[in-house]
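Analysis of the macromolecular model
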There are 2 protein chains.
Amino acid sequence: MKTTAIVNSNIALVKYWGKRDEKLILPNNSNISVAYDKLNTITTVEFNLDYSKDIFILDSNEITDGPVFKKTTEHLNIIRQKAGIETRAKVVSKNNFPTAAGLASSASGFSALAFAGSKAAGLNLDQRELSILARLSGSGSASRSLIGGFAEWMKGEKADGSDSYAIQIAKPDYWPEFRIIVAIISEARKKTSSTDGMNLTVKTCPLYQGWLNTIEQDLENVRKGIAEKNFTLIGSTAEFNCLKMHATMITTQPSLIYWMPETLEIIHSVLDWRKQGLEGYFTIDAGPQVKIICLEKDVEEINNKLCSIPSVKKTIICKVGKEAILTDNHLF
Amino acid sequence: MKTTAIVNSNIALVKYWGKRDEKLILPNNSNISVAYDKLNTITTVEFNLDYSKDIFILDSNEITDGPVFKKTTEHLNIIRQKAGIETRAKVVSKNNFPTAAGLASSASGFSALAFAGSKAAGLNLDQRELSILARLSGSGSASRSLIGGFAEWMKGEKADGSDSYAIQIAKPDYWPEFRIIVAIISEARKKTSSTDGMNLTVKTCPLYQGWLNTIEQDLENVRKGIAEKNFTLIGSTAEFNCLKMHATMITTQPSLIYWMPETLEIIHSVLDWRKQGLEGYFTIDAGPQVKIICLEKDVEEINNKLCSIPSVKKTIICKVGKEAILTDNHLF
């Protein structure tokens, strides 16, 4: 049976960077994200005896080898094992935004694969089980993508990972004024994947412990900021959390410098605008793009300023995104 | 009596960022620099009863207030106290490079003031005493500038700072093939002075301890690299030391981002060139300029590549600079 899921991507306000268990994808720290309403992956999965091997078509290109194919097949194996089947699958997946450029395509992609794949295999998993399944894809932040709204992926304490999953801490419609502007400056794929990058940071970065030491306070600030709709608290905490993560990347050996000159131009601009009273905060993942969070009242002015920077190719203004859904609009 | 000193500026291979004593200017860590042969300050000092107040002319502009005037007067007070005089002074100083733009103008400037000023006041200090006097100016790295060649400013252990001074660890002519290319991308003055910046980092940066924990190893590597003329060891250690310092700056609250987009463009270029086999290493202080260390055999190719980057306004190719000298060519 064909099953199709649509899952929004997300941006972390408190970042995930480093695992305590590389096999079970258990993070060193809990982390909090907000879903984008306009960046999503749609994925159709069908298990069928007609297929002699797994077929994977991503953004209209058939992928037959490489790390993404391997991760996809391995994730299908986990689903098959859970469902007690051995049938091969066809997976067709499309992102409505550039893949592997620091816009969390693997978060929404593997979340959609877990959701559509498990349904197609006849499993009926609840949200906790789906979040754990998505986490096991290897793209840990996929565990947050199904959830929608503001989500916290709890690091958990157990060795088997059964308490490491994401929960919704505020609904998608909780804060209608909240905005995320995505500024796209490059659609080039990043040179070092997040997975490889974070493993290298944990192994080699002499500043990594300093990052971990401050996470609990950041989580508390962002939870409080959401609960009280204190935008300044969320924004300043998220921006500084991002800077701390990038400081650990920069001091990884060899150094991981995901910032491009254009990234830094936007960073300095956002800091300048804030000095002039325009309240936006940047956050950046393992790629060159910059996301700016702000409130509805400032979104037009910030977006206009962003669009006047020559290196900004386009912007996408998002509200808080909804949870994953199933649809009958199959991709094949 | 007029006295004139010429002092070369220097670039740290293991950086100084943070003090254990703000009054005595005692650093949290020992640090190592190399002198530039082409960036210098020339300073003439005269103590004369004709002057009713201290006069300070920097790069042809009379400075009558502000932090630089205050530091200069205070340094003259230290010299007067040592010499047992109360006479006011005229100080004329010129840098042959942009002031306060991350090229260590205060290092060579205050070093020249200490050298010329103490002589003009009738003091005859030895190198250790001069280094301590220069350190007390408030620009700690001034303690290294008098020395020439490769210099180590030892942090010292004593509370009175009497063991915190710079020594020469290799002579100026020890390594004739060693080159430092200074790439000037902006002559704008920096927004946050090094002194204010480092004090803020020590107080607020959660990653600062991680920086301190790795300094002894960096010092050992650079000392060994100099002793064995192992350029790869020096270069890779210095570059990573610079990245670690900037990581602590970025995660200072509020964030100190001295890198400009153009800085980052050169960083990425140097990393790319090295992947292609061209061995240069960048290092950057509290400003936007980038310095690249390399050996004579590669200097032309690296310099040509640098000059082809549109944002590079000019480059200055330096060899290892000599110790400070006195001259009769007074500035007034």
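Residues numbered from 1 in each chain as written. Chains lettered and ligands numbered in written order. Predicted model: local features only at pLDDT ≥ 70, side-chain atom pairs only at ≥ 80, totals over all residues. Heavy atoms only, no water.

Another aspect to go through is the domain arrangement of chain A. Residue and element names in this part refer to chain A. Each assigned domain of chain A is listed with its residue range as follows: domain 1 (3-173 + 321-327) and domain 2 (178-318). When each unit is reduced to the centre of its C-alpha atoms, the spacing between domain 1 and domain 2 is 23 Å. Summed over both sides, the interface of domain 1 with domain 2 buries roughly 3200 Å², with 69% coming from carbon and sulfur. It is Leu13, Lys15 and Trp17 that lose the most area in domain 1 upon contact with domain 2, and together they represent 27% of the buried surface on that side. The interface formed by domain 1 and domain 2 contains three salt bridges. The shortest N-O distance in the salt bridge between Glu152 and Arg223 comes to 2.8 Å. (Domains from an automatic or database assignment. Buried area = accessible area lost by both parts, 1.4 Å probe. Salt bridge = Lys/Arg side-chain N within 4 Å of Asp/Glu carboxyl O.)

At 3.6 residues per turn, the α-helix brings residues three or four places apart onto the same side. With 16 residues, helix 2 (residues 105-120) of chain B ought to run about 22 Å at 1.5 Å a step, and its terminal C-alpha atoms sit 22 Å apart, in line with that. Most of helix 2 of chain B sits out of view: 14 of its 16 residues are buried. (Helix = DSSP H or I, 4+ residues; strand = E, 2+ residues; numbered from the N terminus. Expected span 1.5 Å × (residues − 1). Buried < 20%, exposed > 50% of the residue type's maximum accessible area, 1.4 Å probe, protein only.)

A few words on the relation of the copies chain B and chain A. Expressed as a screw transformation, the operator carrying chain B onto chain A has a rotation angle of 180° and an axial translation of 0.0 Å, and the superposed copies differ by an RMSD of 0.0 Å. Both copies are brought into coincidence by an operation consistent with a two-fold rotation axis. With an isologous cut-off of 70% or more, the 100% of interface residues of chain B that recur at the interface of chain A puts this contact in the isologous class. (Least-squares fit on C-alpha atoms with pLDDT ≥ 70 in both. Contact = heavy atoms within 4.5 Å.)

Our next topic: the interface of chain B and chain A. Facing 25 residues of chain B, the contacting portion of chain A comprises 25 residues. Sorting the residues of chain B by area buried against chain A places Leu207, Phe240 and Ile257 of chain B first, and these three jointly supply 25% of that buried surface. Where chain B touches chain A, the interface holds zero salt bridges. At the surface where chain B touches chain A, the tally comes to two residue pairs in polar contact (both at pLDDT 80 or more). Elements represented by at least two residues in the side of chain B that touches chain A include exactly helix 6 (208-213), helix 8 (231-250) and helix 9 (261-275) of chain B. Considering each element in turn, the side of chain B that touches chain A owes the most residues, seven residues, to helix 9 of chain B. Partitioned by chemical class, the residues of the side of chain B that touches chain A number 14 nonpolar, seven polar and four charged. (Polar contact = N/O pair within 3.5 Å; in protein donor to acceptor, adjacent residues only side chain to side chain. Nonpolar A, V, L, I, M, F, W, Y, C, P; charged D, E, K, R; others polar.)

This next bit is on the side chain of Asp54 of chain A. Residues and elements named next belong to chain A. For Asp54, the position within the fold is in the loop between strand 4 (31-47) and strand 5 (55-58). Judged by its relative accessible area of 6%, Asp54 is buried. Engagement of the side chain of Asp54 in a polar contact is seen with the side chain of Arg80, the distance being 2.8 Å. Polar side-chain contacts of Asp54 include one of 2.9 Å to the backbone nitrogen of Ala89. Those residues in contact with Asp54, other than ones at most four positions away along the chain, are Phe69, Thr73, Leu76, Arg80, Arg88 and Ala89.

What follows concerns the packing of helix 1 (residues 66-83) of chain B against helix 2 of chain B. To characterise two packed helices, one gives the angle between the axes of the helices and the distance between these axes. Residues and elements named next belong to chain B. Two elements in contact, helix 1 and helix 2, have axes whose closest approach is 10 Å; the angle formed by their N-to-C orientations is 35°. In this structure, helix 1 crosses over helix 2, and the sense of that crossing is right-handed. Residues Lys71, Thr72, His75, Leu76 and Ile79 of helix 1 lie in contact with helix 2, whose contacting residues are Phe110, Leu113, Ala114, Gly117 and Ser118. Of the residues contributing to the contact of helix 1 with helix 2, the split by class is five nonpolar, four polar and one charged. (Axes fitted to C-alpha atoms, helices over the stretch in contact; angles between N-to-C directions. Left-handed = near helix turned anticlockwise from the far one by under 90°.)

All names here are of chain A. Pairing is antiparallel in the open sheet, where four strands are placed in the order 11-12-10-13. The sheet terminates laterally at strand 11 (281-283) and strand 13 (314-318), the two strands that pair on one side only. In this sheet, adjacent strand axes meet at a mean angle of 25° when their direction is disregarded. Alignment of strand 10 (residues 178-184) against strand 13, held across five bridges, turns out to be antiparallel. Bridged to Ile181 within strand 13 is Ile317. In the packing of helix 9 (residues 261-275) onto the sheet, contacts are made with strand 10, strand 11 and strand 12 (290-295), and the angle to strand 11 comes to roughly 155°. Contacting strand 10, strand 12 and strand 13, helix 10 (residues 296-307) runs over the sheet at an angle of about 150° to strand 12. (Pairing = 2+ DSSP bridges.)

This paragraph deals with the environment of Lys297 of chain B. Residues and elements named next belong to chain B. Examined against the element boundaries, Lys297 turns out to sit in helix 10 (residues 296-307). Since its relative accessible area comes to 66%, Lys297 is described here as exposed. Once the C-alpha coordinates of Lys297 and Glu279 are considered, the two residues, 18 residues apart in sequence, prove to be 9.8 Å apart. Here Asp298 takes part through its side chain, which lies 2.9 Å from a polar atom of the side chain of Lys297.

In this section: the sheet that holds strand 10 (residues 178-184) of chain B. All names here are of chain B. Pairing is antiparallel in the open sheet, where four strands are placed in the order 11-12-10-13. Edge positions in the sheet fall to strand 11 (281-283) and strand 13 (314-318), since each has one partner strand and no second. Across this sheet, the average inter-strand angle for adjacent strands is 25°, counted without regard to direction. Across the face of the sheet, helix 10 comes into contact with strand 10, strand 12 (290-295) and strand 13 while running at roughly 150° to strand 12.

With that out of the way, let us pick up the nonpolar core. By size, the foremost hydrophobic cluster in this structure holds 94 residues, and its most contacted members are Trp17, Phe150 and Phe178 of chain A together with Trp17, Phe150 and Phe178 of chain B. Of all hydrophobic cores here, the second largest spans 50 residues; its members include Trp259, Ile266 and Ile267 of chain A together with Ile181 of chain B. (Core = buried A, V, L, I, M, F, W, Y, C linked by side-chain atoms within 4.5 Å.)

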